[in-house]
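Chains, contacts and geometry: an overview
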Amino acid sequence: ARSAERERRALCAAAFAGFSGLFAAAWSKALMELLSFGAMLYLGFKYLVVADLPATTRRLERVEHRLHPHTAFAIGFVRVLGNPAVLLFWITLSATFLSHEWIEDTWASKSACVIGMSAGAFAWFLFLSFVVSLGHGRFSKRTLVRLSHFSGACFLVMALLIAMRLFQLLLHAK
């Protein structure tokens with residue numbers, strides 16, 4: 001859990017450091033809103049209609065076979081390499097925060113956000129490990145699929161909120 005949290009913190013910092021300047025213009029903020037809506041809609045439906053959750057993917061198996069990680073940090077790092085969507089997630093999240101002007105385009109504001117995200121990720125994994133330890137061996141695939149469906153519903157709610165914000169922006173632009 002610690003290695004995964006370190007990786008997320010590093011990816012979050014990288015996303016803020018390299019891509020924040022791209023989203024300063026008004027047209028790029030509007031485009032980011034639209035892309036955020038599309039991403040939330042896509043992920044919501046993807047997780048809402050899932051019928052089975054695979055334990056691993058072919059891409060992940062190929063990367064692990066090629067690199068042979070031995071430590072917990074190396075295994076977590078290789079799994080993140082096998083899933084480039086994690087970096088894309090942090091880039092999208094940082095761009096969304098900047099486009100909504102929830103954080104300023106200063107190093108102090110970005111650093112505070114990275115520290116807050118790290119603390120939130122740590123708290124989430126602490127909670128998740130506690131719940132898993134309580135239900136060790138009791139989570140069936142059906143329960144995990146239901147959790148995926150719940151996640152899909154949350155993504156769709158977020159898409160609805162973003163769509164409402166886009167609609168308001170369009171009304172005020174006229």
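Turning to the overall build of the chain, a few remarks are in order. A count of helices and strands for the chain gives 7 helices and 0 strands. Put simply, the chain runs from its N terminus to its C terminus through helices and strands in the order α-α-α-α-α-α-α. By the burial criterion, 29% of the 174 residues in the chain qualify as buried. In the chain, the proportion of contacts linking residues at least 24 apart, taken out of those at least 6 apart, comes to 79%. Total accessible area computed for the chain in this model is approximately 12100 Å², and 70% of it derives from carbon and sulfur atoms.

The full count for this structure, using the stated rule, is 1 aromatic pair. Plain terms: the ring middles of Tyr47 and Phe155 are 5.9 Å apart, the flat faces sit at 20° to each other, and that makes the pair stacked. Of the two residues, Tyr47 sits in helix α2 (residues 26-48) while Phe155 sits in helix α7 (residues 141-173), which places them 108 residues apart along the sequence. On the accessibility criterion, Phe155 (23% relative accessible area) is partly exposed. When the ring centre of Tyr47 is taken as origin, the NZ or CZ atom of Lys46, which lies over that ring, is 5.8 Å away. Positioned over the ring face of Trp107 is Lys110, at 5.1 Å from the centre of the ring.

A surface patch of positive charge is lined by Arg58, Arg59, Arg62 and Arg66. Tracing the sequence through the fold places Arg62 in helix α3 (residues 58-67).

Here we come to helix α6 (residues 107-134). Given 3.6 residues per turn, any residue in an α-helix points the same way as the ones three and four places further on. Taking 1.5 Å per residue, 28 residues should reach 40 Å; α6 reaches 40 Å between its end C-alpha atoms and fits that length. Three or more residues of α6 are buried, namely Ser109, Lys110, Cys113, Val114, Met117, Ser118, Ala121 and Phe125.

Attention now moves to the nonpolar core. Core analysis: the biggest nonpolar cluster contains 6 residues, these being Trp90, Phe97, Leu98, Ile103, Cys113 and Met117. In terms of residues, this core owes the most to one element, helix α5 (residues 85-99), which gives 3 residues.

Another point: the confidence of the model for the chain. On average, the chain scores 75 in pLDDT, and the residues at 70 or more come to 72%. Mean pLDDT in the chain bottoms out at helix α1 (residues 2-19), which sits at 57, and peaks at α7, which reaches 84.

Our next topic: the pattern of salt bridges. One pass over the full model with this rule turns up 1 salt bridge. Close ionic contact of Lys141 with Asp52 constitutes a salt bridge, the shortest N to O distance being 3.7 Å. Here Asp52 lies in the loop between α2 and α3 and Lys141 lies in helix α7, a separation of 89 residues in the sequence. Judged by relative accessible area, Asp52 falls into the partly exposed class, the value being 48%.

In this fold, Pro54 is placed in the loop between α2 and α3. A relative accessible area of 60% means that Pro54 is categorised as exposed. Along the primary structure Pro54 and Lys141 are separated by 87 residues, whereas in three dimensions their C-alpha atoms are 9.6 Å apart.

Relative to the elements of secondary structure, Leu160 occurs in helix α7. Judged by relative accessible area, which is 52%, Leu160 ranks as exposed. In this structure, the C-alpha to C-alpha distance between Leu160 and Met40, residues 120 residues apart in sequence, is 8.8 Å.

Moving on, we get to a nonpolar patch on the surface. Together, Trp124, Phe127, Leu128, Val132, Phe139, Leu144, Leu147 and Phe150 make up an exposed nonpolar region whose accessible area comes to about 780 Å². Mapped onto the nonpolar patch, the elements with two or more residues apiece are α6 and α7. Top element by residues in the nonpolar patch is α6. It accounts for 4 residues. Take Leu128: it is sitting in helix α6.

Conventions we followed
Residues take numbers from 1 onward in each chain, read along the sequence in its written order. Only residues with pLDDT of 70 or above have their local features reported here, since the model is predicted, and side-chain atom pairs are shown and tallied only from 80 upward, although totals for entire chains, interfaces and linings are computed over all residues. Neither water nor hydrogens contribute to the side-chain values; these are computed over all heavy atoms in the structure. A run of H or I in DSSP counts as a helix once it spans at least four residues, and a run of E counts as a strand once it spans at least two, with each numbered from the N terminus. With a 1.4 Å probe rolled over the protein chains alone, any residue whose accessible area is under 20% of its type maximum counts as buried; one over 50% counts as exposed, and the rest are partly exposed. Contacts are assigned to residue pairs that have any heavy atoms within 4.5 Å of one another. Only the protein chains shown count as cover for residues, and the accessible areas themselves come from Shrake-Rupley with a 1.4 Å probe. Aromatic pairs are defined between Phe, Tyr and Trp rings, using the six-membered ring for Trp, whenever the two ring centres lie within 6.5 Å; interplanar angles under 30 degrees are classed as stacked, those over 60 as edge-to-face, and all others as tilted. Think of it as a cone above the ring: NZ of Lys or CZ of Arg counts as a charge over the ring if it is within 6 Å of the ring centre and within 35 degrees of the ring normal. Patch construction takes residues with relative accessible area above 30% that form no salt bridge. Like charges are linked within 9 Å, and nonpolar side chains (Val, Leu, Ile, Met, Phe, Trp, Tyr) are linked within 5 Å. A side-chain nitrogen of Lys or Arg and a carboxyl oxygen of Asp or Glu constitute a salt bridge if their distance falls within 4 Å. When charges are counted, Lys and Arg are positive and Asp and Glu negative, with His and the chain ends excluded. We put the charge of a Lys on NZ, of an Arg on CZ, of an Asp on CG and of a Glu on CD. Expected span, for any helix, means 1.5 Å times one less than how many residues it has. The nonpolar core is taken to be a set of buried Ala, Val, Leu, Ile, Met, Phe, Trp, Tyr and Cys residues, with the residues joined through side-chain atoms within 4.5 Å. In predicted models, pLDDT denotes the confidence assigned by the predictor to each residue on a 0 to 100 scale.

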